[in-house]
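Residues per chain are reported as follows:
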Amino acid sequence: MRIFVGNKWRKGFLDYYRSPEEYRIKVLAWRTLEKLDNVYHVRHKSVRLLLTYLPVVGPGGLFRKAWSRLREDYRNEKYISCGMGKVLESAGDGRFKRGDIVGFIAPLHPILVERIVLPEKLIFKLDEEVIPQIPPNTILFYHGTSDKIEGNAWWKDIRGWSIYSGIPIPPELREKISRGAQETLKNTDWGKATYFPVDELDKIAEKKGEVTKIKLGTKNAVLFGYGNYAKTNNIPYSKPYIYVRSVHEIDPTQIIWESGVERWDSSPMPQPEETYDVYFVASYNHTHVPITVQALRQGADVVMEKPIATDYQQLEELTNALKQSGKRLFIGFQKRYSIFNEYARQDLGVKPGDPIDYHCIVFEIIQPKFFWYNWPNSKSRLFSNGCHLVDHFLYLNDFSEPTSINLALAKDGAINVWIELENGAFFTMTFTEKGSSRVGPRDHIELKTTGRNVRITDAIRYFSEDEHRIIRNKRVFKTEAYKRMYKTISKKIARGEEGDSLHSVIVSAKTMLIIEDKLQQLLGK
């Protein structure tokens with residue numbers, strides 16, 4: 001498929017995945033409406049920024065981070081557009097048939113694509129007078145965006161919409177956007193459009209390549225979600241024990257050739273023909289459990305990124321799958337693998353099961369308006385990122401179960417959480433978006449037992465003391481915990497060792513679900 005990225009009409013991209021509820025449309029005419037600048041975290045390219053990150057992540061971490069971000073330029077070009085096209089593949093509802101000429105609205109897409117996949121709610125019938133004369137094997141492209149977008153534009157409520165978002169499109173909104181798109185297409189001067197060529201022989205392809213390079217003595221893996229995190233952590237740190245041979249990524253503009261990756265797929269879920277030793281799950285939050293359950297039923301090992309489950313039904317499904325598969329799941333909570341944990345247990349003078357009080361301040365960077373963390377399906381930002389600190393507290397206390405969980409909401413939006421455990425340990429967290437984002441999210445942690453204190457800042461600095469002396473003062477790169485995590489997990493999988501206990505999975509996931517429920521009650525949702 002062709003996509004207009006980097007100011008060029010480039011071919012070779014995979015097609016968008018089409019679910020049974022969606023239509024595939026061959027684009028005939030396309031008009032951009034608005035460029036979306038607040039979709040991803042996009043840092044300005046500067047030497048000063050590189051020098052800022054160098055002491056935080058180290059030379060290796062800086063190289064991987066910079067190289068990953070440079071490859072995201074195509075992905076970052078997102079628009080909302082409308083247009084018209086021919087239905088190539090129909091959906092289950094059958095409202096539009098193959099060959100029908102329809103109008104459509106395309107939120108959160110590149111500036112122009114050759115083929116598009118959309119649900120029925122974003123497709124509408126066209127009046128005959130709206131359809132212009134279109135030469136064969138051509139797309140009419142009208143760049144209709146401007147720097148000044150009216151606040152009441154008809155498309156404003158669906159600018160960041162995705163079928164994966166969980167954002168509803170009620171009937172009245174659907175009617176409004178269909179009318180608006182029809183009127184916009186009718187008033188477009190297609191005589192001023194640019195002609196883009198297409199190849200009628202170009203085949204629809206949602207996947208390419210096959211896994212053939214199987215190395216003896218290593219585990220072969222599939223990765224779901226080819227974002228910056230996966231490129232800088234999952235893939236490099238799991239070697240030489242596990243090699244990612246296949247990648248699933250729903251955005252074709254993210255799929256750029258990487259050494260060692262042999263198969264690419266734009267579908268969000270495992271396909272029936274796929275069997276791998278290991279599944280890395282780094283996709284959207286609400287897809288973690290469905291992918292993991294399928295993989296566990298195959299008998300594979302799974303490395304799942306946080307959060308664990310986004311609702312109680314998912315937790316129940318995961319629990320049932322783990323009861324059948326055994327300990328084959330490894331959760332990607334990197335704070336569990338920090339060298340600071342070993343220091344803290346020694347310096348606090350605790351034995352297994354002893355309570356460790358945990359107090360933290362967490363600064364989460366403000367997310368771009370249309371970033372997927374803001375989708376309903378992703379739950380709150382506290383749920384997405386605060387889970388790291390809650391899980392770390394539970395981990396240090398051997399997953400003693402909570403006896404009480406409470407929340408309070410400050411006037412400035414800061415969230416205060418406190419938890420008490422059966423073993424007597426106490427947790428407090430202030431979660432805020434106020435502060436400096438110079439080096440990304442920040443956190444300040446204090447661990448306490450009687451007469452002893454440990455302070456951990458930004459996962460980089462460690463300081464411990466008792467009533468008489470400084471016990472230890474250490475510093476590591478922020479990437480060290482991620483490296484230790486994937487190296488440790490990969491070695492365990494290669495040796496056939498067990499993953500996380502079912503008890504730890506349930507306690508960590510259930511605690512966050514309770515916190516999320518209480519937060520939504522406070523917010524009146």
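As shown above, the structure is provided for reference.
Residues numbered from 1 in each chain as written. Predicted model: local features only at pLDDT ≥ 70, side-chain atom pairs only at ≥ 80, totals over all residues. Heavy atoms only, no water.

J.: Looking at this structure, how should I read the packing of helix α6 (residues 312-325) against helix α11 (residues 502-522)?
T.: Two quantities define a packed helix pair, namely the angle between the axes and the distance from one axis to the other. Relative to each other, α6 and α11 sit at 180°, their axes nearing to 11 Å. Comparing their axes, α11 and α6 come out roughly antiparallel. In this structure, α6 contributes Tyr 312, Leu 315, Leu 318, Thr 319, Leu 322 and Lys 323 to the contact, and α11 contributes Leu 502, Val 505, Ile 506, Ala 509, Lys 510, Leu 513, Ile 514 and Asp 517. Grouping the constituent residues of the contact of α6 with α11 by class yields 10 nonpolar, one polar and three charged. (Axes fitted to C-alpha atoms, helices over the stretch in contact; angles between N-to-C directions. Helix = DSSP H or I, 4+ residues; strand = E, 2+ residues; numbered from the N terminus. Parallel < 35°, antiparallel > 145°, perpendicular 65-115°, else oblique. Contact = heavy atoms within 4.5 Å. Nonpolar A, V, L, I, M, F, W, Y, C, P; charged D, E, K, R; others polar.)

J.: Where do I start with the sheet that holds strand β15 (residues 301-304) in this structure?
T.: Through backbone hydrogen bonds, the strands of a sheet pair up, either in parallel or in antiparallel fashion. Here we have seven strands laid out as an open sheet, ordered β10-β13-β12-β11-β14-β15-β16, and mixed in their pairing. Because the sheet does not close on itself, it has two edges, and the strands there are β10 (207-208) and β16 (329-331). Bridge count between strand β14 (residues 278-281) and β15: four bridges; the pairing is parallel. Note that in β15 the partner of Val 278 across the bridge is Asp 301. (Pairing = 2+ DSSP bridges.)

J.: Is there a simple way to explain unusual backbone geometry in this structure?
T.: Backbone phi values are negative for most residues with the exception of glycine, while trans is the configuration of most peptide bonds. A cis geometry characterises the amide bond from Lys 239 onward to Pro 240, with omega recorded as 5°. Residue placement: Pro 240 occurs in the loop between α4 (228-237) and β12 (242-248). The residue after Lys 306, namely Pro 307, is reached through a cis peptide bond having omega -10°. Topologically, Pro 307 is positioned in the loop between β15 and α6. For Asn 7, which is not glycine, the phi torsion reads 65° and is therefore positive. Within the secondary structure layout, Asn 7 lies in the loop between β1 (3-5) and β2 (8-10). Residue Lys 379 is not a glycine yet carries a positive backbone phi of 65°.

J.: Help me understand the packing of aromatic side chains in this model?
T.: Within a pair of aromatic rings, the relevant descriptors are the distance that separates the centres and the angle that separates the planes. If you walk through the whole model with that rule in mind, you get 28 aromatic pairs. Where Tyr 343 meets Tyr 462, the ring centres are 5.4 Å apart and the plane angle is 65°; that geometry is what we call edge-to-face. Remark: Tyr 462 occurs in strand β23 (residues 461-466) and Tyr 343 occurs in helix α7 (residues 339-348); sequence separation between them is 119 residues. Judged on exposure class, the residue Tyr 343 and its partner Tyr 462 are both buried. Ring geometry for Phe 393 against Phe 427: centres 5.0 Å apart, planes inclined by 35°, an arrangement best described as tilted. (Phe/Tyr/Trp six-rings, centres within 6.5 Å; stacked < 30°, edge-to-face > 60°. Buried < 20%, exposed > 50% of the residue type's maximum accessible area, 1.4 Å probe, protein only.)

J.: Honestly, the side chain of Arg 336 in this entry has me stumped. Any pointers?
T.: Following the sequence through the fold, Arg 336 ends up in the loop between β16 and α7. Among the polar contacts listed, one links the side chain of Arg 336 to the side chain of Asp 391, at a separation of 2.7 Å. When residues no more than four places from it in sequence are discounted, the contact partners of Arg 336 are Ile 331, Asn 341, Asp 391, Tyr 395, Phe 399, Asp 500 and Ser 508. (Polar contact = N/O pair within 3.5 Å; in protein donor to acceptor, adjacent residues only side chain to side chain.)

J.: Which parts of the structure should I look at to understand the packing of helix α9 (residues 387-396) against α11?
T.: Running from N to C, α9 and α11 cross one another at 135°; their axes reach a closest spacing of 10 Å. On the basis of the axis angle, α9 is oblique to α11. Judged by the sense of rotation from one axis to the other, the crossing of α9 with α11 is right-handed. Within the contact between the two elements, α9 uses Cys 387, Val 390, Asp 391 and Leu 394 and α11 uses Val 507, Ser 508, Thr 511, Met 512 and Ile 515. (Left-handed = near helix turned anticlockwise from the far one by under 90°.)

J.: Where do I start with the sheet that holds strand β18 (residues 402-409) in this structure?
T.: A sheet is described by the order of its strands in space; here eight strands give the open sequence β18-β19-β20-β17-β21-β22-β23-β24, paired in mixed fashion. The open sheet has two edge strands, β18 and β24 (470-475), and neither has a second partner. Averaged over all pairs of adjacent strands, the angle between their axes in this sheet comes to 10°, without regard to strand direction. As judged from the five bridges shared by β23 and β24, these two strands associate in the antiparallel manner.

J.: How do you make sense of the pattern of salt bridges when you look at a structure like this?
T.: Note that side chains of opposite charge can pair when their charged atoms are close. Counted according to the given criterion, the structure contains 36 salt bridges. The salt bridge partner of Asp 157 is Lys 156, with a shortest N-O separation of 3.3 Å. Residue Asp 265 is joined to Arg 263 by a salt bridge in which the shortest nitrogen-to-oxygen separation is 3.3 Å. (Salt bridge = Lys/Arg side-chain N within 4 Å of Asp/Glu carboxyl O.)

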